[in-house]
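An overview of the molecular structure
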Amino acid sequence: LPDGTHPMQLVTSGPDNPEEPIHRAHVFAIQSARERVWLTTPYFVPTEAAMYALTSAALRGLDVRLLVPEKSDSAIVTAAARSYFDELIHSGVKVYEYQARMLHSKTLVVDDNMAIIGTANFDNRSFRLNYEVCAIGYGAALNGRLEEQFMTDISRSRLVEMDRKQAFLPRLGDSVARLFSPLL
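We now turn to the structure provided with this report.

So, how was this worked out
- Residues numbered from 1 in each chain as written.
- Predicted model: local features only at pLDDT ≥ 70, side-chain atom pairs only at ≥ 80, totals over all residues.
- Heavy atoms only, no water.
- Salt bridge = Lys/Arg side-chain N within 4 Å of Asp/Glu carboxyl O.
- Helix = DSSP H or I, 4+ residues; strand = E, 2+ residues; numbered from the N terminus.
- Buried < 20%, exposed > 50% of the residue type's maximum accessible area, 1.4 Å probe, protein only.
- Pairing = 2+ DSSP bridges.
- Axes fitted to C-alpha atoms, helices over the stretch in contact; angles between N-to-C directions.
- Contact = heavy atoms within 4.5 Å.
- Core = buried A, V, L, I, M, F, W, Y, C linked by side-chain atoms within 4.5 Å.

**Considering the pattern of salt bridges**
According to the stated counting rule, one finds seven salt bridges in the structure shown. Salt-bridge contacts for D112 lead to R36; the nearest nitrogen and oxygen are separated by 3.2 Å. Of this pair, D112 sits in the loop between β6 (107-110) and β7 (114-118) while R36 sits in strand β2 (residues 36-40), placing them 76 residues apart in sequence. Judged by its relative accessible area of 41%, D112 falls in the partly exposed class. Residue D63 is joined to K94 by a salt bridge in which the shortest nitrogen-to-oxygen separation is 3.8 Å. One end of the pair, D63, is in strand β4 (residues 63-69); the other, K94, is in strand β5 (residues 94-98), with 31 residues separating them in the sequence. Taken together, the salt bridges that share partners define one network made up of R36, D112 and E147.

Written out as structure tokens, the structure is:
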């Protein structure tokens, strides 16, 4: 095959690989960032290491943005994801909820030189239980194209406010859903 225009590296993972290479790739990429971390995922139920990497990046002053659907196809996953919003926002992460019909992109854009695109959601299930494949791409041209799509998706989203008002029962539901995070 002829060479492509973007250097790529394929990473696979599944329950038969206890090293969790896709999980490690995401956490390493976030920890290596110097300017920005832009994450799009339909399911956001982060591991402790992934959550720590995101909040640490924001606390270091990086431009950290998370784009998730307002409503995914799983109410419990949507609730669990929302249970992380306050901690993310307080650390400086900009959290956006996609308002259009469906958000299925799974991308991570780091600075201008690295991106991860693949089948893995940013959740325990994808990182530890499912068979997944991701391409890690390198270079400004690829990141530029992903940045354009990210900005288009942001224009169809709403920023989650720091002091969002949430009634007791929905907040309780989010907290209960979070208890199931290791299984989601």
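**Re the sheet that holds β2**
Backbone hydrogen bonds are what pair the strands of a sheet, in a parallel or an antiparallel way. Spatial ordering of the open sheet is given by β1-β9-β7-β6-β2-β4-β5-β10, a layout of eight strands whose pairing is mixed. Strands with a single pairing partner mark the edges of an open sheet, and in this sheet they are β1 (8-13) and β10 (157-159). On average, adjacent strands in this sheet sit at an angle of 15° to one another, irrespective of strand direction. Summarising the sheet, β1 and strand β9 (residues 132-138) pair through six bridges and their orientation is antiparallel. If you follow T12 over to β9, its bridge partner there is V133. Strands β1, β2, β4, β5, β6, β7, β9 and β10 of the sheet are contacted by helix α6 (residues 140-154), whose axis makes an angle of about 60° with β2.

**Looking at the nonpolar core**
Within the largest apolar cluster, 39 residues are counted, with the highest numbers of intra-cluster contacts made by V37, F44, L54 and L88. Of the residues forming this core, the biggest block, six residues, is contributed by helix α2 (residues 48-59). In this structure, F44 is in contact with L39, M51, L54, L66, V68, A81, Y84, L88 and F122, ignoring residues within four places of it in sequence. In terms of nonpolar packing, the next biggest core, distinct from the first, is built from 11 residues, W38, L103, L146 and F150 among them.

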